[in-house]
Amino acid sequence: HFNRGDIASKRRDAREWGVVYVSKDEEISMTGHVTDLEGNPVPDALVRLVEPDISDETDSNGEYNIAVVAAGTYTVEVSKEGYQTQNIPGIVIESEVVKILDIQIVSLTGNITVNVTTESVPLSDVTVAIPALGISQLTNDDGQAFLSNVTPGSWDLAVSKEGYVPQNHPVTIEAN
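Each chain has its residues counted from 1, following the order in which its sequence is written. Selection of residues for local features in this predicted model requires a pLDDT of at least 70, selection of side-chain atom pairs for listing and counting requires 80 or more, and totals for whole chains, interfaces and linings are taken over all residues. Water and hydrogen atoms were dropped before computing side-chain values, which therefore reflect all heavy atoms in the structure.

**Quick look at the overall build of the protein chain**
1) Next: Put simply, DSSP marks the helices as runs of H or I at least four residues long and the strands as runs of E at least two long, and each gets a number from the N terminus on. Of the regular secondary structure elements, the protein chain holds 1 helix and 16 strands.
2) Next: For the protein chain, the proportion of its 176 residues judged to be buried stands at 34%.
3) Next: Counting only contacts in the protein chain whose residues sit at least 6 apart along the sequence, the fraction spanning at least 24 positions is 49%. Buried, partly exposed and exposed residues are distinguished by accessible area as a fraction of the type maximum, computed with a 1.4 Å probe on protein chains only: under 20%, between the cut-offs, and over 50%, respectively. Contacts were defined at the residue level, with two residues in contact if any of their heavy atoms lie within 4.5 Å.

**Here's the deal with the confidence of the model for the protein chain**
1) Next: pLDDT is defined as a per-residue confidence score from the predictor, taking values between 0 and 100. Summary statistics for the protein chain give a mean pLDDT of 87 and a share of 86% for residues scoring 70 or more.
2) Next: Per-element confidence in the protein chain is highest for strand β12 (residues 127-130), whose mean pLDDT is 97, and lowest for helix α1 (residues 7-16), whose mean pLDDT is 68.

**Things to note about the sheet that holds β12**
1) Next: Whether two strands pair depends on DSSP finding at least two bridges between them. Taken in spatial order, the 4 strands line up as β13-β12-β15-β16 in an open sheet, and their pairing is antiparallel. For this open sheet the edge positions go to β13 (135-138) and β16 (167-173), each flanked by a neighbour on one side alone. Averaged over neighbouring strand pairs, the angle between their axes works out to 25° when direction is ignored. In this analysis, axes come from line fits to C-alpha atoms, helices being fitted only over the stretch in contact, and the angle between any two N-to-C directions falls in the range 0 to 180 degrees.

**Focus: the side chain of Ser 29**
1) Next: Tracing the backbone through its elements, the reader meets Ser 29 in strand β1 (residues 29-35).
2) Next: Sequence-distant contacts of Ser 29, that is, excluding residues within four places in its chain, are made with Asn 65, Ile 66, Ala 67, Val 68, Val 97, Val 98 and Lys 99.

**Thoughts on the sheet that holds strand β3 (residues 54-57)**
1) Next: An order of β3-β2-β5-β6 is seen for the 4 strands of this open sheet, with the pairing classed as antiparallel. With partners counted over all chains shown, the strands left at the sheet margins are β3 and β6 (86-93), one partner each. Each neighbouring strand pair of the sheet contributes to a mean axis angle of 20°, computed without reference to strand direction.

**Notes on the environment of Ile 54**
1) Next: Within the element layout of this structure, Ile 54 appears in strand β3.
2) Next: As a C-alpha pair, Ile 54 and Ala 67 span 13 residues in sequence and 8.0 Å in three-dimensional space.

**Looking at the pattern of salt bridges**
1) Next: Every case where a carboxyl oxygen of Asp or Glu lies within 4 Å of a side-chain nitrogen of Lys or Arg is listed as a salt bridge. A complete count under the given rule lists 2 salt bridges for this structure.
2) Next: Between Asp 53 and Arg 48 there is a salt bridge, and its shortest N-O distance comes to 3.0 Å.
3) Next: The residue Arg 48 makes a salt bridge to Glu 77 at a minimum N-O spacing of 3.3 Å. One end of the pair, Arg 48, is in strand β2 (residues 46-49); the other, Glu 77, is in strand β5 (residues 72-79), and 29 residues separate them in sequence. Considered together, Arg 48 and Glu 77 belong to a single accessibility category, that of buried residues.

Laid out in structure tokens, this is it:
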């Protein structure tokens, strides 16, 4: 019975009986990039078609490729620790088509840029740290340090360099 008709008809007929019909001649896939809001690739993010639970993990460039079982309308879920899980319903994937879906996800951590100066002159090689989180960075030649993936909350920022008086400053970090 399922050998008669076009592919769409076969799929509809099979669905009525709870069967998934896939033509062996079809090559269907979904591919794309996962990035953060600044456009940076997000490696090791899980991109998943919720039904029928097919997934792929992004590579170091944030790229993924999922071989899709059948054309249809899917919900895509993207997740990674430290990021807000995103659900995207209504993604239509057609027969014999490679669907390109680039996705941006929101970080649940925050970042802080610190500028250290002495008498208005940038100071390099200063240790800037959030000791409670075990995060530290040295300032560059412009007196800047960038702390990324900081857990949201209120923290003490410690600034120190030999020959200078150490300082602590309260900071509040928000997600993203």
